[in-house]
Amino acid sequence: MSDFAFEHTQFPTTGSEVDYDLSHPLGDAQQQALRELLYGQGVLLFRNQSLSDEDQTRVLGYFGNVLIEEGGHREISADGNLGSSGLLFHSDLAFTPEPFKLLSLYGIEIGDECAATLFASNARVLNRLPPDLRACLESAMATNIIPPSQSERLVAFENPDFVPQTTRPAIISHPVTGQPLLFICEQQTARIEGLPKSESDALLEALFAHLYAPENVYRHAWRPGDLLIWDNIAVQHARSTQRQGVKRRMRRVAVADKTFFQLCPQFPPDDARIAAWGAGGRLELA
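Residues numbered from 1 in each chain as written. Predicted model: local features only at pLDDT ≥ 70, side-chain atom pairs only at ≥ 80, totals over all residues. Heavy atoms only, no water.

A. A look at the overall build of the protein chain. Looking only at helices and strands, one finds 6 helices and 16 strands in the protein chain. In summary, the protein chain has a C-alpha radius of gyration of 18 Å against a globular reference of 19 Å for 286 residues, a match within 12%. Split into buried and exposed, the 286 residues of the protein chain put 57% on the buried side. The long-range fraction of contacts in the protein chain, counting pairs at least 24 apart against all pairs at least 6 apart in sequence, stands at 83%. Per element, the accessible surface of the protein chain, about 12700 Å² overall, is 50% carbon and sulfur. Positive and negative charge centroids in the protein chain, built from 24 and 36 side chains respectively, lie 3 Å apart. (Helix = DSSP H or I, 4+ residues; strand = E, 2+ residues; numbered from the N terminus. Rg over C-alpha atoms; globule rule 2.2 N^0.38 Å. Buried < 20%, exposed > 50% of the residue type's maximum accessible area, 1.4 Å probe, protein only. Contact = heavy atoms within 4.5 Å. Areas by Shrake-Rupley, 256 points an atom, 1.4 Å probe, with all protein chains shown as cover. Lys, Arg positive; Asp, Glu negative; His and termini not counted. Charge placed at Lys NZ, Arg CZ, Asp CG, Glu CD.)

Written out as structure tokens, the structure reads:
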């Protein structure tokens, strides 16, 4: 434990707002306190920041390896990456053996009525599940696949072997804290293994109802200068639909050991299908 502590205000659902200027480097005790706070809260919001690309990269570097190339470090906008459509709840790259560890977004240009970012806690929901529903998960395995659409639930129950997909326990232990987490999401989870489609679908729908209930979701209304940092394993995120003509330009920085293309060698870095999918289109896998 660090002797230094960040003053913060906890949200009713998941996450906290922290009153601190991140434009200057942190000492060792401050870095440790920041890590402890992030892993304890899942989401951290820093308002009124003035951060360069280098500043944001430095801050995320306190947590681990920052991806610089191949989609880990970039600007996103309403008319660029991911388009303007809404995004279903997900954890980035949950369909691979090594999902991204942390993600961050910094608000560069934010217009009125900018699309919100929403967060659902994979940890908090477990304590809110009815005992009989929780019991269904104790030995359950869930399969996540790369979704054909990021804005509609179009994952198929069964998929060819060449499609990027990973099967792991539905309840996992957080790799840093050891905390149990429900690791399924509406965008990428195709099925619960060992169940027929009708039963798997019904179980997933019941779990989604608890995961995305208002009492388990933090909805972030953006302002210019906001920095959000979140734990991609403990928390999943979504985006509301962006209204036409509203400015929404952000800088995204990710912490991970491997890039999308290293984890999904089926796709070369110049694959036009991935570029179209990343801009909000359908991923054609036939």
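B. Highlighting unusual backbone geometry. Positioned with a positive phi, L93 is a non-glycine residue whose angle comes to about 65 degrees. On the secondary structure map, L93 appears in the loop between strand 5 (87-90) and strand 6 (102-110). Using a relative accessible area of 8% as the deciding quantity, one classes L93 as buried. In this structure, E113 is a non-glycine residue whose phi angle is positive, near 65 degrees. Note that E113 resides in the loop between strand 6 and strand 7 (117-121).

C. How the structure looks around the pairing of strand 16 (residues 248-255). Counting buried positions over the 8 residues of strand 16 gives 7, a clear majority of the element. Two elements, strand 6 and strand 16, share 8 bridges in a ladder whose sense is antiparallel. The residue of strand 16 that forms the bridge with G107 is M250. (Pairing = 2+ DSSP bridges.)

D. How the structure looks around the packing of aromatic side chains. Tallied over the full model, the rule gives 13 aromatic pairs. Centre to centre, the rings of F4 and Y20 are 6.4 Å apart; their planes meet at 85 degrees, and the pair counts as edge-to-face. Residue F4 is found in the segment before strand 1 (8-10), and its partner Y20 is found in the loop between strand 2 (16-18) and helix 1 (28-41); the two are separated by 16 residues along the sequence. On the accessibility criterion, Y20 (25% relative accessible area) is partly exposed. Judged by centre distance (5.1 Å) and plane angle (85 degrees), the rings of F260 and F261 are edge-to-face. F261 shares its class with F260; the two are buried. Cluster of aromatic residues (ring-pair linked, three or more members): F95, F260, F261, F267 and W277. (Phe/Tyr/Trp six-rings, centres within 6.5 Å; stacked < 30°, edge-to-face > 60°.)

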